[in-house]
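Here is how the chains run, residue by residue.
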Amino acid sequence: MFSTPPASVPPARRDWSFPVEGMSCAACAGRVERALRAVPGVAEASVNMATEVASVRADAPVAFDGLEAAVRQAGYAARAPDMPAPPARSDAQAWRPVIVAAALSLPLLLPMAAALVGVSWAWPAWLQFLLATPVQLWFGARFYAGAWRALRGGAANMDVLVALGTSAAYGLSLYQWWAAARMPGMAAGHLYFEAAAVVITLVLLGKQLEARAKRQTTQALRALQALQPATARVRRDGVDSDVAIARLRVGDALVVRPGERFAADGVVAEGDSHVDESLVTGESLPVARGPGERITGGAINGEGLLLVNVTAVGAESTLARIVRLVESAQEKKAPIQHLVDRVSAVFVPVVCAAALLTLLGWGFGSGDWQRALLNAVAVLVIACPCALGLATPAALMAGTGVAARHGILIKDAEALEIAHDVSVVAFDKTGTLTEGKPMLVACVAVDGDAARLLALAAAVQSGSTHPLAQAVLDMARGTHSRVPAASAQRAVPGKGVSALVRVPADPRTTAEARLAEVIAASVIMSARQSAGLSPGTGLLDAEHHVDAAASERELRLGSARWMAELGVDLAPLAERAAELQSMGRTVSWLADVSGDAPELLGLVAFGDRLRDGAIDAVQRLRAEHVRTVMISGDGRASAAGVAQLLGIAEVHAEVLPGEKASLLASLRSLSVGDAGRGRQRPVRVAMVGDGLNDAPALAAADVGIAMASGTDVAMEAAGITLMRSDPRLVADALDISRRCVAKIRQNLFWAFAYNVVGIGLAAAGLLSPMVAGAAMAFSSVSVVANALTLRRWKAASVRRA
């Protein structure tokens, strides 16, 4: 009999994402990563210092128990992903240790303040001890515990530096006090209780400010998570009632009143209204929604009462997928972070060595071992690697969060970092630069019978869901065309569609055949009634009788390239096709290939409207010195016509899905000079598409950008997803990428520069431990504050709306 595993121990699986507790700096994150990578089966592990979340990818199923044990052995704690997080402390609770530590430490600074105005006095040693000891041993206990866990796991982190530095200052003060007590009449030397207490207070203050700033970087993600209401009004059996979101089912009818949020994705069944989707898609203005139109959960209903049929709930909803994408991007590391990881791995040991050299150098050089010890303490305190650990993830969290608010979903940090260097953007045409809802605008038959040509084209495509097929079928239904029966329909990727169609032997006798059908049906129906049979059977027999007079023909509908391969002569309609293509129309050819010599039957032409903002998008990219390219499977003339309207000079037409990836590789192989120094660097290419046939190219590009209006496959293959079908968001995505990478570089520069300069000044004796502690706290806060400036970013497409 099998037993069910406890709820607290999730089953084994390949990918894990779970919180890690007890980390204090980048060195901690590196230690946890190394411990997780050592677990059998784990292929890759990364820890985000800003979110304190570990992400693990395994080659085989791995149990959480093994991962948790590895983290615990490294000196930290892992919480299972299905375990609820401990209740968050209130602001008052979080700030209480800082306030109490500051109240105990500030009196110790008063003698220093008095010395600035020429007054020399000091608190009694016992009073300094009473004020400093609670700060050192009570509020500083977290640093001792963290240092012990790290050292027990064979590593050193920020807690080790703070514990060593403050303990040295506190211990020296105790020694000075004790030495003076052993020699009656001798005054105690200078005590450094205030240095130890103030450093701990400043570090606590910095940590609290850092935590507050980190919470602000995830504000956009929390806003997305809060969009879904807790309950929904559902109409079942004609009765409206409020139910919990968890009880919603696909197919339920939601009743959404004016001003309410949509609880799930769905399709409008009744009513008309305007919907505010700004927090989901970034669309600044409400959009009209009526029967048959899609609704995204989390959006706000406007002035009308709507009845919405639910199409997706829970993890499958659009909102849940957006949240997963943003979380994934914030959990993963940018390539530039690996440099920080390598530095952090050796940073603390190097700092300890520098502090030891400072102690020995000052001690032996000047003979003043007290000053030597204080300088060594200053080196230990100022060299906290927190700023290094926060430089990259803080900027990523702020950047991906603000991008999501504007409808730009960044799937991973690597895509964000690469996108800033994109110099070529390749657009698919249909559905990306155009609306992707083609209409049939021309139907030209070789024999002049356009109605018959439309019926045959509809028969060939009657089993297809392709947008071009739907345009033909819509026109056939609109003109009440009688579509012949078809079988063996088959789509040929990148070329067209084939089918076997029952075609009347002589198109000029269609009317006569129809009359014969009616007469035959009447005769057979009368005979059936006389025999006591169902009259409907007679009608079926009559239709079969007429169809038997038709011939089954093998028809092909597709591109000129395919027609050339089949040997079809397109000359009779070549001039008309060229005229249509020059207008930006897409032309498909219909041919009968049943006989020895393929016969051209005619052509159908489709028109597609440019997307709003397509021209502006191309102009913006050109202004930013980004080369735009169109890659399309449509005919050359059609693609060239659209490109001319958009101002795109480079067009690759009649490209098969498999050829798009190789074409991107050829674009990437080009190189540009680096500041005229003779060095070369590869071109970064972004591909923008929306369809199933774009998926290979999206995956092959340096950065794939998918329209959310496209297929799920395209969005899975892309690194960036645009929640609105607005091509201007492509330029916005590149812009937020550049700004985010710029912030990362600024943060890393200041973090490295701060440590190099700070350690140098401390070793030279130019910084006291208290100033070093303040500088250390300021460095972490300044890095996160710099990243938070990204929250003010606005998409240009919104600014111009």
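Check the entry above for the structure.
Each chain carries its own residue numbering, running from 1 in the written order of its sequence. The predicted origin of the model limits local features to residues at a pLDDT of at least 70 and limits the giving and counting of side-chain atom pairs to 80 or more, whereas totals for whole chains, interfaces and linings rest on all residues. To get the side-chain values, all heavy atoms of the structure are used, and hydrogens and water are removed first.

A. Here's a closer look at helix α27 (residues 728-763). Numbering goes from the N terminus for both helices and strands, where a helix is a DSSP run of H or I of at least four residues and a strand is a run of E of at least two. Each residue after the first adds 1.5 Å to the expected span of a helix. Here α27 spans 53 Å end to end across 36 residues, near enough to the 52 Å set by a 1.5 Å rise per residue. Where α27 terminates, the next one or two residues include G765, which has phi positive at roughly 80 degrees.

B. Inspection of the sheet that holds strand β5 (residues 231-236) at higher detail. Spatially, β6-β5-β7-β13-β8-β11 is the arrangement adopted by the 6 strands of the open sheet, whose pairing is antiparallel. Every other strand in the sheet has two partners, leaving β6 (239-244) and β11 (294-295) as the edge strands with one partner each. Pairing between strands is defined by DSSP: at least two bridges between the two strands are required. Here strand β7 (residues 253-256) runs beside strand β13 (residues 306-312); their pairing, made up of 4 bridges, is antiparallel. Residue pairing in the sheet places V255 in a bridge with L307 of β13.

C. Just the nonpolar core, in detail. Formed by 136 residues in total, the largest nonpolar core has its most connected members in F18, V425 and I720. Take this core: its biggest share by element is 13 residues, from α27. Here, two residues are considered to be in contact whenever any of their heavy atoms come within 4.5 Å of each other. Setting aside its immediate chain neighbours within four residues, F18 contacts L36, E52, V53, A54, V56, F64, L67, V71, A78, R79 and P81. Put simply, buried Ala, Val, Leu, Ile, Met, Phe, Trp, Tyr and Cys residues joined by side-chain atoms within 4.5 Å make one nonpolar core. Buried residues are those whose accessible area, probed at 1.4 Å on protein chains only, stays under 20% of the maximum for their type, while exposed residues exceed 50% and partly exposed ones sit between those limits. Core analysis: the next-biggest nonpolar cluster, separate from the first, contains 24 residues, A457, L468, A499 and V503 among them.

D. How the structure looks around unusual backbone geometry. Of note in this structure, D237 is not a glycine but carries a positive phi near 55 degrees. Exposure remark for D237: the relative accessible area of 83% places this residue in the exposed category.

E. Expanded view of the pattern of salt bridges. Think of a salt bridge as a Lys or Arg side-chain nitrogen and an Asp or Glu carboxyl oxygen that are within 4 Å of each other. This model, assessed by the stated rule, comprises 21 salt bridges. We note a salt bridge from E565 to K495, for which the minimum N-O separation is 3.1 Å. A residue pair is termed long-range when its members are at least 10 positions apart, and E565 in helix α20 (residues 560-566) and K495 in the loop between β17 (486-492) and β18 (496-503) qualify at 70 residues. Under the relative-accessibility criterion, E565 is labelled partly exposed at 48%. With relative accessibility at 27%, the residue K495 sits in the partly exposed group. One network of salt bridges, with partners in common, ties together E33, R37 and E44.

F. Structural detail: the sheet that holds β18. Taken together, 6 strands build an open sheet; the order of strands is β16-β21-β20-β19-β18-β17 and the sheet is antiparallel. On the outer flanks of this sheet lie β16 (439-445) and β17, each paired with one strand and no other. Direction aside, neighbouring strands of the sheet carry axes that sit 20 degrees apart on average. Pairing geometry for β17 and β18, over 5 bridges, is antiparallel. Bridge pairing in β18 links V492 to G496. Here an axis means a line fitted to C-alpha atoms, over the contact stretch when the element is a helix, while the angle between two N-to-C directions is reported on a 0 to 180 degree scale.

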